[in-house]
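Summary of structural features
One letter stands for each residue in the lines below.
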Amino acid sequence: MGFEFSVIVESLPPLLQGAKLTWYITLSGIAGGMVIGILAGLGRIAGTGHLGDAPHGAFLPLSVFTRYLAAGFVEGIRGTPIIVQAMFLYFAFPMLVKALTNIEQFRMEALTAAVITIMINAGAYIAEIVRGSVVSVHKGLVEAGLSLGISRFQLITYVIGPIAIRRMIPPLGNQFIISLKDTSLFIVIGVGELTRQGQEIMASNFRAMEIWLTVAVMYLIMTTALATALRTCEKRMKIF
Amino acid sequence: MPNIIEMKNVCKSFGETEVLHNIDFHIAEGEVVVIIGPSGSGKSTLIRCINCLEMITKGELIVDGIRIPDELTRMRQIRLEVGMVFQQFNLFPHMTALENVAFGPRKARGMRRGKAEKIALELLDKVGLSEFSDKLPGNLSGGQQQRVAIARALAVNPKVMLFDEPTSALDPEMIGEVLDVMKSIAKDSGMTMAVVTHEMGFASQVGDRLIFMDEGRIVEEGKPGEVMKKPGSDRLRDFLSHVKHH
């Protein structure tokens, strides 16, 4: 049983279908993850002065609450395997909903569960990236901005944001690539993404060599595309 | 002249440690007050309290008629009227010199870009840096950066300027250029200034009043020449001898 190039050609259409789904889960997951990550990341440093909000007392209890909430989310997600999160969301969450509410026909689509899992999981890691980058912005710059009399919103938009975003790009690239590869785990909840397609084809023709090589190359192409996009982003930003 | 800044019985604590004890302090309009004292004496904290970078823990602060802590919501108004220059310059590293200076007028004063940049260019010219307007801070020397920082603070058109050890982070040969700019601001535009510094020459030439702080208290104050010639306390005498010999 030698290497048959024709096997690759034959299996290409279903594999490409799988790759398309992988790409879809990754991009929607990352987009949602960015939103969650920015909220949770900023939430973790609320009231600490890094966002120009030195605690003057008035909103202190609120910012403490926000910090604990965000920290709890990050620790909870970071501390459990993504595969368990996916299983929980797909199998256990609908039961939970049924037990707690009267919605009898509640169903969770496998694809929805996959996208939400990536959103939440990436969100927790991105929160730490956001927090780290914002905290790394020199406090003197925050004070310089405040001393000019600008609002906190302006401070975040024009001073902290642009500096922090440049520092976020390399670790974000890491996280995006990890998230893309994590989609292969959704084989366990039956999402027809690239790895599952490969598995199914392999189960019918037993051409492990050709199939897994092709699957690997397809992942490599997608991760390279992500990395290149981020590198372009980084280069476009002014170096200082 | 009326007082533009007043502190009444002000205390400031960081956690358990009180670093300013019952300070009574004022600056009249147009006055240049120089604050000296050993490190840890609370002089930086004192001027940082004026623009609310540090919040006073007790007492009352009145800046241009705005009362802290009663009118906390008007804190931004205070910051618009009080410019600050920092020891470490703190220029925005992602903006050119011109953008740094135009930033305040544009964002804090809501000016249109063209007008803000015109003001910024004039100020850069005033501090002798008009040909460096498109340089990023990383490509400027320490002295140049500090002069841009002074222009940036002036651009918002404040009534008072605070200087927190503006020459302490500079190489010796660059101190003069920064002090010259500060002198011209004080003399030409009659700016009200509070300057924390160890530059005794500047204090006696430009200062209207000298304040010596130690351990969170104002120990001595008066005309710079007189206070320096005849220090009333051992602590100031001791401090002056140390400053002069370096």
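For the structure, check the block above.
Let me begin by describing the structure that accompanies this report. Since the model is a prediction, treat every value here as computed from it, not as a measurement.

Below, the discussion takes up the overall build of chain A. When helices and strands are tallied, chain A shows eight helices and zero strands. When the helices and strands of chain A are read in sequence order from the N terminus, they spell out α-α-α-α-α-α-α-α. For the C-alpha atoms alone, the extent of chain A along its principal axes is close to 75 × 55 × 25 Å. Sorting the 240 residues of chain A into buried and exposed places 45% on the buried side. Carbon and sulfur atoms make up 70% of the accessible area of chain A, which totals about 12300 Å².

All names here are of chain B. Both strand β1 (residues 3–14) and strand β4 (residues 58–63) contribute to a ladder of five bridges, which runs antiparallel. Bridging from a neighbouring strand, Ile-5 pairs with Val-63 of β4. In this structure, β4 lies alongside strand β5 (residues 66–68), joined through three bridges in antiparallel fashion. Each residue of the ladder has a partner; that of Val-63, found in β5, is Ile-66.

Before going further, it helps to examine the packing of helix α1 (residues 5–44) of chain A against helix α7 (residues 194–205) of chain A. All names here are of chain A. Where α1 contacts α7, the axes come no closer than 7 Å and their chain directions differ by 150°. For the element pair α1 / α7, the angle class is roughly antiparallel. Remark: the crossing between α1 and α7 carries right-handed chirality. Each of Val-7, Ser-11, Pro-14, Leu-15, Gln-17, Gly-18, Ala-19 and Thr-22 in α1 lies in contact with α7, whose residues at this interface are Leu-194, Gln-197, Gly-198, Ile-201 and Asn-205.

When two helices pack together, their arrangement is given by the angle between the helix axes and by the axis-to-axis distance. Residues and elements named next belong to chain A. It is the contact of α1 with helix α4 (residues 110–136), at a shortest axis distance of 5 Å, that shows an interaxial angle of 40°. The orientation of α1 with respect to α4, classified from their angle, is oblique. Our pair here, α1 against α4, has a crossing hand that is right-handed. Looking at the contact of α1 with α4 residue by residue, the classes come out as 19 nonpolar, seven polar and three charged.

Residue and element names in this part refer to chain B. What the six strands build is an open sheet, ordered β6-β7-β8-β3-β9-β10; its pairing is mixed. What marks the edges here is a single partner per strand, and that holds for β6 (82–85) and β10 (217–222). Looking at each pair of strands side by side, their axes are set apart by 20° on average, direction ignored. Pairing of strand β7 (residues 160–164) with strand β8 (residues 192–196) involves five bridges; the strand directions are parallel. Bridge pairing links Leu-162 to Ala-194 in β8. Across the sheet, helix α1 (residues 43–50) lies against β3 (32–36), β6, β7, β8 and β9 (209–214), angled at about 150° from β7, the strand it touches most.

On to the environment of A:Phe91. Residue and element names in this part refer to chain A. For Phe-91, the location among the structural elements is in helix α3 (residues 82–100). Relative accessible area serves as the criterion here: at 45%, Phe-91 is assigned to the partly exposed category. The spatial distance from the C-alpha of Phe-91 to the C-alpha of Lys-181 is 22 Å, given a sequence separation of 90 residues.

Right, let's talk about the interface of chain A and chain B for a bit. In this assembly, 22 residues from chain A lie in contact with 27 residues from chain B. The junction of chain A with chain B conceals about 2100 Å² of combined surface from both sides, 65% of it contributed by carbon and sulfur atoms. Linking chain A with chain B are six residue pairs in polar contact (both at pLDDT 80 or more), by the criterion used here. Elements that contribute at least two residues to the side of chain A that touches chain B include exactly α5 (139–147) and α6 (152–182) of chain A. Among the elements that line the side of chain A that touches chain B, the one with the most residues is α5(A), at seven residues. Looking at the side of chain A that touches chain B residue by residue, the class counts come to eleven nonpolar, eight polar and three charged.

Below, the discussion takes up a nonpolar patch on the surface. All names here are of chain A. Together, Phe-3, Phe-5, Val-9, Met-209, Leu-213, Val-217 and Ile-221 make up an exposed nonpolar region whose accessible area comes to about 730 Å². Going through the elements one at a time, α1 and α8 (208–236) are the ones with two or more residues in the nonpolar patch. Ranked by residue count, the leading element in the nonpolar patch is α8, at four residues. Within the secondary structure, Val-9 is located in helix α1.

What follows covers the side chain of B:Glu220. Residue and element names in this part refer to chain B. Along the chain, the position of Glu-220 falls in strand β10. For the buried Glu-220, no salt bridge exists, and the shortest N-O distance to an oppositely charged side chain is 6.9 Å, to Arg-237. Among the polar contacts listed, one links the side chain of Glu-220 to the backbone nitrogen of Gly-232, at a separation of 2.9 Å.

To continue, consider the packing of aromatic side chains. Counted under the stated rule, the structure contains five aromatic pairs over all chains. Each ring, one from A:Tyr158 and one from B:Phe103, has its centre 6.1 Å from the other, and the planes form 75°; the classification is edge-to-face. With A:Tyr158 in helix α6 and B:Phe103 in helix α3 (residues 97–108), the pair connects residues from two separate chains. Where B:Phe212 meets B:Phe239, the ring centres are 5.5 Å apart and the plane angle is 40°; that geometry is what we call tilted. Taken together, the positions of B:Phe212 in strand β9 and B:Phe239 in helix α9 (residues 234–244) put the pair 27 residues apart, joining distant regions of the chain. Across the pair, exposure class does not vary: B:Phe212 and B:Phe239 are buried alike. Chaining the aromatic ring pairs together yields one cluster made of A:Tyr158, B:Phe92 and B:Phe103. When the ring centre of B:Phe92 is taken as origin, the NZ or CZ atom of B:Arg152, which lies over that ring, is 4.6 Å away.

Parameters and conventions
Residues numbered from 1 in each chain as written. Chains lettered and ligands numbered in written order. Predicted model: local features only at pLDDT ≥ 70, side-chain atom pairs only at ≥ 80, totals over all residues. Heavy atoms only, no water. Helix = DSSP H or I, 4+ residues; strand = E, 2+ residues; numbered from the N terminus. Buried < 20%, exposed > 50% of the residue type's maximum accessible area, 1.4 Å probe, protein only. Areas by Shrake-Rupley, 256 points an atom, 1.4 Å probe, with all protein chains shown as cover. Pairing = 2+ DSSP bridges. Axes fitted to C-alpha atoms, helices over the stretch in contact; angles between N-to-C directions. Parallel < 35°, antiparallel > 145°, perpendicular 65-115°, else oblique. Left-handed = near helix turned anticlockwise from the far one by under 90°. Contact = heavy atoms within 4.5 Å. Nonpolar A, V, L, I, M, F, W, Y, C, P; charged D, E, K, R; others polar. Buried area = accessible area lost by both parts, 1.4 Å probe. Polar contact = N/O pair within 3.5 Å; in protein donor to acceptor, adjacent residues only side chain to side chain. Patch = residues over 30% accessible without salt bridge, like charges linked within 9 Å, V, L, I, M, F, W, Y side chains within 5 Å. Salt bridge = Lys/Arg side-chain N within 4 Å of Asp/Glu carboxyl O. Lys, Arg positive; Asp, Glu negative; His and termini not counted. Phe/Tyr/Trp six-rings, centres within 6.5 Å; stacked < 30°, edge-to-face > 60°. Lys NZ or Arg CZ within 6 Å of the ring centre and 35° of its normal.

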